[in-house]
Structures are given as structure tokens and as C-alpha cells.
Amino acid sequence: MPEKSRILVADDEPKILMFIRANLAARGYEVHVAQDGVEAVEIAARVIPDVTVLDVNMPRMDGIEACRRIREWSNMPIIMLSVRGDEVDKVRALDEGADDYVTKPFGIEELLARIRVALRRSKAATSSCPNFKAENLEVDFSNRLVKRRGEVVKLTPTEYELLAYLVSNRGKVVSHRQILHSVWGPEYGEESEYVRVFIRQLRGKIEEDPSNPQLIRTETRVGYRFVAPE
Amino acid sequence: MALSDSETRKRGLIRCLPGSWIAVLIIAAGGGHVRHVRPRRVAALVIYTFLLIGAIPALDCRGATLGIVLFASLGATIGPFAGGNESEWARYLERVLRSERDRLVGMLNAMEEGVALIGLDRKMRFMNPSMVRQFGDGTGLYCYEHLHHFDEPCNDICKLPKVLQGATERWEYTFADGRTYEVIGAPFADSDQMPCMLATFRNVTQRKQLELELIKLDKLKSDLLSNVSHELRSPLTSVKGIISSLLQEDIQWDDETRKMLLVGISEETDRLASLVTNLLNMSKLEAGVWRPEKDRCNLLEVIAETIERQKWVYKKHLFETELETDLPEVAADSNQMKQVLVNLLENAAAYSDEGTKITVRARRADGEVEISVADQGVGIAPEELEKVFNKFYRGAQKRRRPGGTGLGLAICQSIVAAHGGRIWVESELGCGSTFYFRLPASQAGETRTEV
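If you're wondering where the values come from, they're calculated on a predicted model, not measured in any experiment.

Thresholds, definitions, all that
- Residues numbered from 1 in each chain as written.
- Chains lettered and ligands numbered in written order.
- Predicted model: local features only at pLDDT ≥ 70, side-chain atom pairs only at ≥ 80, totals over all residues.
- Helix = DSSP H or I, 4+ residues; strand = E, 2+ residues; numbered from the N terminus.
- Buried ≥ 20, exposed ≤ 12 C-beta atoms within 10 Å, placed from the backbone.
- Pairing = 2+ DSSP bridges.
- Axes fitted to C-alpha atoms, helices over the stretch in contact; angles between N-to-C directions.
- Expected span 1.5 Å × (residues − 1).
- Contact = placed C-beta atoms within 7 Å.
- Parallel < 35°, antiparallel > 145°, perpendicular 65-115°, else oblique.
- Left-handed = near helix turned anticlockwise from the far one by under 90°.
- Nonpolar A, V, L, I, M, F, W, Y, C, P; charged D, E, K, R; others polar.
- Core = buried A, V, L, I, M, F, W, Y, C linked by C-beta atoms within 7 Å.

*Asks:* How should unusual backbone geometry be read in this particular structure?
*Replies:* Among all residues except glycine, the phi angle is most often negative; among peptide bonds, the trans geometry is most common. Of note, the bond from K104 of chain A into P105 of chain A is cis; its omega dihedral lies within 30 degrees of zero at -5°. Its identity as a non-glycine residue notwithstanding, I48 of chain A has a phi of 45°, on the positive side. Mapped onto the fold, I48 of chain A is located in the loop between α2 (37-47) and β3 (51-55). Residue I48 of chain A is classed as partly exposed on the basis of its 13 C-beta neighbours within 10 Å. At Q193 of chain B, a position not held by glycine, the phi torsion is positive, near 70°. Position of Q193 of chain B among the secondary structure elements: in the loop between β8 (180-189) and β9 (195-203).

Printed below as a string of C-alpha cells:
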């Protein structure tokens, strides 16, 4: 039997923790819970979860700060929970390194689906593609390694999946919706702000001049296109 | 009534001649009769010299030949040469000028608005009395020195250059002392041709303060709404999450977990109900419609009844009382007093561990009755003591029990204030908190306060 996936859930509402924990346990996950941001960061460092779910509004340290702390040393998928559903709040969370954002109140199926997607992404193996190499950029699909000027670039699983998708479709224009479907999962399609945030982060890591991107080109009102250097 | 031919003619002729200082004599040819004299200023014309400026031949409508003779009074010009009554004329003119000037100066003096004339060189050339009253006399000083107490021209906010280009500008400015003025600057050429800005200053401090007050109230209201919606969403999340969990068909919940989930729904709906009740009470208190029905109220009974009920809810806390038995009665609404005690007891239980003591004390103090609720819980940090009575303020310390609406203490404070009393808290982190409130004791003979 494969090892159980470890999930860390942090929320200061005991009832919310209770039902999420009951569901995850019933689905065979190993569940860890935290009641504030400080506890979440401590437990994350100790148990190294496969997916972390953080409530934004927690005492002592909020979820955004906890997410930033975890991102300092880990690329684990992080899902934020929040009572705020505005785009600015989502973008802020994604900017701090979260991979996904669920607005309260939510049905448990939605959260479970997003946890499954996050797990799939962190364990996915895009090894079927031949490796890509051009000028300064190198993508080693079999080892999930990205190098720029010969140096390894640290990417989160979501960033890696996004780059891998763009590279394997190089030369073609891909829409926001296609990207969301392929990288985040079939449940996604409307969250174009996710794509914008992650494209920006990716450009920051692989482009020579992120403000004048040469590799990931914006196709206005359509989507993006990866252009391999000559 | 129809006018006669000659009347019509006369009026038509006379109207087409310019200026009230032109006298018209229409002289019938041959007869030498003066037919009409334009009436105004005739007296002056007679006294002073006048100049014949022309005669025009004309035909009467009856065919008679007429001569129109025009005279213009040029007394001021030709008077000295003509040796006429020039000093009288000068005195007359002076009188007219003086009265006109007095009128203008009087208007400027009486104006509520401050008026200032600021030259291209940024010097204050003129200030009316209102301006002097409001800013002190600074005639001859630089405007930035006198009005703003700056050492250099305030270029970034100065409208002088724009006004001097010919634009009329209107702006609001708040001075360092907090006064806000609406200023209108218009281009003006002074008598020495210096380009100037003629500025009127209207004090709008009160209006500005009201505006700011309104903005603040508006923000409070929207903060409150946003807080309420967040407070509602947390219990809703639990309810929706738990129900959707139970609805999943591919999971068989064991009895224990199912019960735990159902209890969760029940508790969270209680919390929603209590939040809604508290919100309603809060808004009634604020709108002044939840007025206390003050009557003789025996606080000892209220305390006993409330503790009895809370003991049942918080079974694992130890409730103790230290009550003076000869407590005077107070004029209070016993239902509202119960609400205050319930909220204080719920707080005490929520922020302390099971098995710890909650002590309710009642005593007489300086003609007032003092009630206190003490717990052995987490306590409140000194910097938070004032804020705990604010709506939706949540302390940094974690509740031991879930729930709460963030309104309990705010409601206590409103109720106690409506009874003419006061409420406060003393606390030490890690040792517990004591909430006190005092109400004035009823005077002997006072039985019922009409509201």
C-alpha cells in the first residue's frame, strides 16, 4: 500500500478544523491540524506535509505570513482558505506563494478536489517529453529540473507545471482556460488571475528581463506563447 | 391710451440721443419756441456751462421745419476757462466720488469673507478687516510668511502663477492650526498696474469637520458591515461544510463521527442565532429604541438567576459568589442587567480553562452598586484593555471555547452607559481578568423612572 499523503490544515475555527479533519481522515489521508499561523509553520517544518491548507485570518500569525514563511524553505502546494473572495485578496495570496485559493463558505467536495489536484501536481511526472534546451534555458523533464545559464532555478510545483506546459506547446498560443485546465485541473477555467500571477512569477525566474519577456510572450486577450530562442 | 403724433415723435427723437448729460432743445423753426427739454440734469445745465455740440435740421411729422440743438455739459472741462462755478462743480464731483468710495470701502469692511490682494512679488498689498481679524495684519509682508509661516514660497501649493496667467482658481486649504479655508483667487491689476491676485478667504472649518465626520461614520458603517459578513461566514462555513460532508454518498460515517458533525451544526446555528440577536440588540441600543425600562431592580436576584442558567451551560467551570446581602436596589431594566451578566459570564468561561473558578461579587461602593465577574483565564494584555469594548474587537488571546460574536462587551458597555453607570476591566496576562460595572443606587423613595 502506498504511503498516506500528509495534509496540514490550519484554521482558528475549531468546527471547521473538525469537519475537514473528519473528511480527510475518512479519505485515508494523514491529517495534522494547527490553530494559528505560528503553530502551522512549526508543524509544517516538522511533518513536511504533501499539501498545506491555511486559513488567511488566524491569530498570532495570519495565513499569508505563514505561507511566506513556509515558502522560504519549501515548495509544497499551499491552498489558502478565506472569507474574503475579492480578486485583490486572491492575488495577494498567490503573490505570497499560495497555489490555490478557496473562498468560505465552501462545500467539502470542492476542497477535497483541490487537495487532490495539488497532490497530483506535486507528484506528477512529466517525463514523457524530451528534454528542452535553448540558449540560456534548460528544462529536464525526467528530473523535473530547470536550469538558467547552467544554474538550477527553484520553482514551485505549480510554476514547474506551468513552464512544462508552455514549453511542450512551444510556438503555439495557449489560452488562459487551456492553461488552467492542463496545469491546475479540469475543475478550473475561470481563475485567469491565477495564470497572470504565476506567469509573472515564472518570468521573474527565467527571463533575462522580466519586464520585456522574450520566452513567455503575452498574446493580448488570448493567452501566452512560449517562443524558443533561435 | 393712444399718444398724440407729436408726443410719439418727441419721445422717439429724444430716446435716440445718447447720455443723460446731453440736453436737447427742439426749437420750432421760425417760432423760436422751445418744444422739449430732456428733463434730467437740466438744473445742472442751467447752473454750469455747457457746450453746444450741434444742430440738426429735422422735419416735424406735420411738415414743420425743426432744428434739433444738442448741448453737452462740459462744465468740468471748460468751467475754468469759462470762469464759471468750477469750485462748486469740483465739490459736487468730490461728494459723488467720496460717497461711491465710502460705499465700496464699507462693503469690503463689512464682508464676512477675508479679502486680500497679493502682488506678483508675493507681498500682501491689502487685507480687509475680516482678513486682518482672521490672520493678523500682514500688509507688506510676504504671503507665505504671513499666512503659512514658511520661509520660502510654497511653490507646490501656490496658485498665484496660474491666477496671474488669467485663470480664476478655487481651492480649499487647511492651515497648520486646523482651520480650513475655501479660497477663490482672481486676476487683478492694482492701481499701479502690478499684476495681482485678488483672493477671498472663506472659513469652512466647520463644514470640513462635518464632512470628515461623515466620512468617518461612513467608514465605520462599512467596516461594521464587512465585519458582520465575516462573522456570519465562519459559522456558515462550518454548517455548509458539515452538511456537504454528510451528503457525500461514498462515505459511511460511524455513529460517533456523525454525532460530532451534527452537534457541530447545532452549535454553529446557535452561534448564528446569537450573532443575529446581538446585532439586533446592538442596533436597537445605538438607535436609542432599546431604552431601559428602569424599575426597582434587585441585582441579587438577577445574579442568582443568571448564574443558575450559566452553570448549566458551562458545567465544568466552578461558579462562586461573594455578595453583600444588604445591597441597595438600583433603578434598572432587569432584562438588560441579565444580558450584561450573561455576556460577562460567557466571556469568562470562553477565555478560561475548564475546572477554573469564575467569581461574581456584588458590593456597595460610594453610593453605587458594584458588580464584578472574575475569571482565572488567559487575561488581557495592557494595550488591549481599552479596545476590548470595541465592536468586533478580538483579543490576541485565544478563546478556549469556539464562537463569540465580538459584540458581547460592546453591548454590555452600551447597556451600562444607558443606566448612567460605567464598566471597566482589570487584568493580568496569564492570571485572569475581572470585569466591573457600577450603577447608581436608587434614592430612598425613588421607585420608578419614567423614560
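*Asks:* How do you make sense of the pairing of strand β11 (residues 216-219) of chain A when you look at a structure like this?
*Replies:* Sheet faces and side chains relate simply in a regular strand, where the side chains alternate between the two faces. Residue and element names in this part refer to chain A. As judged from the four bridges shared by β11 and strand β12 (residues 223-226), these two strands associate in the antiparallel manner. Within the sheet, the bridge partner assigned to I216 lies in β12 and is F226. Here β11 hands over to β12 after three residues, with R221 in that stretch at a positive phi of 65°.

*Asks:* I'm lost on the sheet that holds strand β10 (residues 173-175) of chain A in this one. Help?
*Replies:* Adjacent strands of a sheet pair through backbone hydrogen bonds, lying either parallel or antiparallel. All names here are of chain A. Pairing is antiparallel in the open sheet, where three strands are placed in the order β10-β12-β11. Since the sheet does not close on itself, it has two edges, and those belong to β10 and β11, each with one partner. Averaged over all neighbouring strand pairs, the angle between strand axes comes to 35°, with direction disregarded. Alignment of β10 against β12, held across three bridges, turns out to be antiparallel. Across the sheet, the residue bridging to S175 is G223, located in β12.

*Asks:* Explanation requested: helix α11 (residues 334-350) of chain B in the structure shown.
*Replies:* Structural remark: α-helix, 3.6 residues per turn; residues separated by three or four positions point the same way. The end-to-end C-alpha distance of α11 of chain B, which contains 17 residues, comes to 24 Å, matching closely the 24 Å that a straight helix rising 1.5 Å per residue would cover. Buried within α11 of chain B we find Q336, M337, Q339, V340, L341, N343, L344, L345, N347, A348 and A349 of chain B.

*Asks:* What's the story with the interface of chain B and chain A in this structure? I'm lost.
*Replies:* Quite often, the size of an interface is put as the accessible area lost when its parts meet. With 21 residues of chain B at the interface, the matching set in chain A holds 19 residues. Contributing elements (two or more residues each) for the side of chain B that touches chain A: α8 (205-247) and α9 (255-287) of chain B. At 11 residues, α8 of chain B tops the list of elements feeding residues into the side of chain B that touches chain A.

*Asks:* What is the right way to look at the packing of helix α6 (residues 157-168) of chain A against helix α7 (residues 176-184) of chain A in this model?
*Replies:* In a packed pair of helices, the relevant descriptors are the angle between the two axes and the axis-to-axis distance. Residue and element names in this part refer to chain A. Running from amino to carboxyl end, α6 crosses α7 at an angle of 125°, the nearest separation of the two axes being 10 Å. Comparing their axes, α7 and α6 come out oblique. As for how α6 packs across α7, the hand of that crossing is right-handed. For the pair α6 and α7, contact is made by T158, E161, L162 and Y165 and by I179, S182 and V183, respectively. Of the residues assigned to the contact of α6 with α7, the class counts are four nonpolar, two polar and one charged.

*Asks:* Whenever I open this one, the nonpolar core confuses me. Can you help?
*Replies:* For soluble globular proteins, the rule of thumb is that nonpolar side chains tend to be buried together. Counting 67 residues, the largest nonpolar core has A10, V53, L54, M80 and L163 of chain A as the members making the most contacts within it. Of the residues forming this core, the biggest block, seven residues, is contributed by helix α1 (residues 14-26) of chain A. Setting aside its immediate chain neighbours within four residues, V53 of chain A contacts I7, L8, V9, A10, I79 and L81 of chain A. With 37 residues, the next largest nonpolar core counts L285, C297, V378 and C412 of chain B among its residues.

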